[in-house]
Each structure stands twice: as structure tokens, then as C-alpha cells.
Amino acid sequence: MTAARRRSLPVLCLAMGSMGLLIVPQLAGATHVRPAGATPFRASFVTAYKPCAAPNRSHGAPLSFPSCGAPAQASSFLTVGTHDANGADAQSIGYILVRVKTTSPEDVLITSSISDVRCKPGTNASVCNSPNAADGPDYSGQLQSNATLRLSDHYNGPNLDEAATVQDIPFPVSYFCSNTSDTSTGGFCTINTTVSAQIPPYSFDGKRSVVGLGQFEVSDGGADGNVGTADNTAFLRQGVFVP
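Residues numbered from 1 in each chain as written. Predicted model: local features only at pLDDT ≥ 70, side-chain atom pairs only at ≥ 80, totals over all residues. Heavy atoms only, no water.

**Student:** Sorry if this is basic, but what is going on with the packing of aromatic side chains here?
**Tutor:** Two descriptors summarise a pair of aromatic rings, namely the distance from one centre to the other and the angle between the planes of the rings. Going through the model one piece at a time under the given rule, you end up with two aromatic pairs. Its guanidinium or amino end placed over the ring of Y155, K207 lies 4.5 Å from that ring's centre, counting from NZ or CZ. A cation over an aromatic ring shows up here: K207 above the ring of Y202, its NZ or CZ 5.6 Å from the ring centre. (Phe/Tyr/Trp six-rings, centres within 6.5 Å; stacked < 30°, edge-to-face > 60°. Lys NZ or Arg CZ within 6 Å of the ring centre and 35° of its normal.)

**Student:** Looking at this structure, how should I read the side chain of R208?
**Tutor:** Mapped onto the elements, R208 comes out in the loop between α2 (195-198) and β15 (210-213). For the buried R208, no salt bridge is present, and the opposite-charge side chain at shortest range is D153, 10 Å distant. Only 2.7 Å separates the side chain of R208 from the backbone oxygen of H32, close enough to count as a polar contact. (Helix = DSSP H or I, 4+ residues; strand = E, 2+ residues; numbered from the N terminus. Buried < 20%, exposed > 50% of the residue type's maximum accessible area, 1.4 Å probe, protein only. Lys, Arg positive; Asp, Glu negative; His and termini not counted. Salt bridge = Lys/Arg side-chain N within 4 Å of Asp/Glu carboxyl O. Polar contact = N/O pair within 3.5 Å; in protein donor to acceptor, adjacent residues only side chain to side chain.)

**Student:** Got a minute to help me understand unusual backbone geometry in this structure?
**Tutor:** Where the residue is not glycine, phi is negative for most of them; where a peptide bond is considered, it is trans in most cases. Of the consecutive residues A61 and P62, the connecting peptide bond is found in the cis state with omega at 5°. Residue P201 is reached from P200 by a cis peptide bond, and omega for that bond is 0°. Examined against the element boundaries, P201 turns out to sit in the loop between α2 and β15. Non-glycine residue L160 carries a positive phi angle of around 55°. The exposure class of L160 is partly exposed, given its relative accessible area of 35%. Although it is not a glycine, R208 sits at a positive phi angle of roughly 45°.

Function cannot be read off these values alone, since they describe shape.
Here's what the structure looks like:
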């Protein structure tokens, strides 16, 4: 979709809250508000844990809330090195970076990497075939990031020129992981793509698009390492780590 309209330079806007990222190619005559701009958007990943459903501890003051010990990873199939937990040094760094491409055709660029991804017992040997000196072998299957999109743009109605907000939609993007030659670190997983490549033939040209992003979550590929099957579990979530 490439509506030819007079427009100014596209910009990326960030607002606080559960829906944080705003992508704004400006279009004369559009009727919905937008900020001046904010790009890029970068989110770090932390280990995903299961929620506390049956408390058996209490957190220290002033956050004196019920807690569950010990923490249980959400992923049944993947982990990362942590010396006091599994004997391997902590080396995992994961992030996702979202930037606006300001030249025509305008687009949204997505890059991401996650290091030191290791298999847990029970993951298929075909994607866990590079052993490490400590803890599980390298993971060479797939991962998948997902975030909810809330799209408000100027490309709606019978003439495709009305401002409207689309119902929230999922936005999954797959990583491909590979073994490393270093036996002290796990597999390495990457993404290098664009939004239009994930939902072809969509284009941001002239749409004045405001795209809210929910929290990013990265799932594993399940026992078979394939994100297309139904046994995937949460591996990482957007967050921060405090040493």
C-alpha cells in the first residue's frame, strides 16, 4: 500500500505506559494528534519467570508482599548461564532495537540479538548438539519475539484517507539461532528485518502511523526448536537487571 501523498520527514515517538512506541510519518490534513518525535526505541531482555501463584515466603519491607520461592523459569526448554545456578558464567545479553527509516519508502527497522542461549534437558538433540564446558549445550533452533501493536493511522475508510485505530494485533518475529565455537557460552540468536517485510506488502509511506507497542516477550521453540509448533513457552521478557 503506497499512497502518494505530500508528507514531511517521518519520525518515531515514545510515550510512557503499556503501549510505548509511536511511529509517525506526518501527513498534511490528518486528524489525529502525534508528538514531535522519538527514535530509536530499545528494550533489554531478562529471564522470564512464572508468576507467584502459591506464596510460601514474604518479601522484605517496604515491599512486604507474598512471594514464591524458589523462582521458577517460565521456559521449559531454554536457559542462560548463571554461575551460582548452573555452574556457567553469566554472559547472556539480549535486546531489541526499533528505528524509523526516514528515506522513501519509509519503514520501521528491527534488529535484535540474544547471546548465551542454552538447552535444558528434554530439548531435541538436533538443536542442542554443541556441548559446553558447563551447563547445557548451545541452542540452534528458533526463538520468536512478540508484542501487541495498536495502530492508529490515516489509511482507513472507503477512500483510505480517514484516521482510525485498528484493533490490537499480535506482531511475531522469528529469530534464527546458531552454535558458537566457544565452549563457555551458549548459542547466538539474531533478527534483522523491517515491519513491512513481516507484513508485506504494507508500507508506512504517507500513512501518518502511530503504533503503540506492548511489552516484548521472547518465546522458545518448544521441545523441537520450531516456533511453528504449539509447545513453545516464554523464555525472555522486556525488563532490566539490577546487579
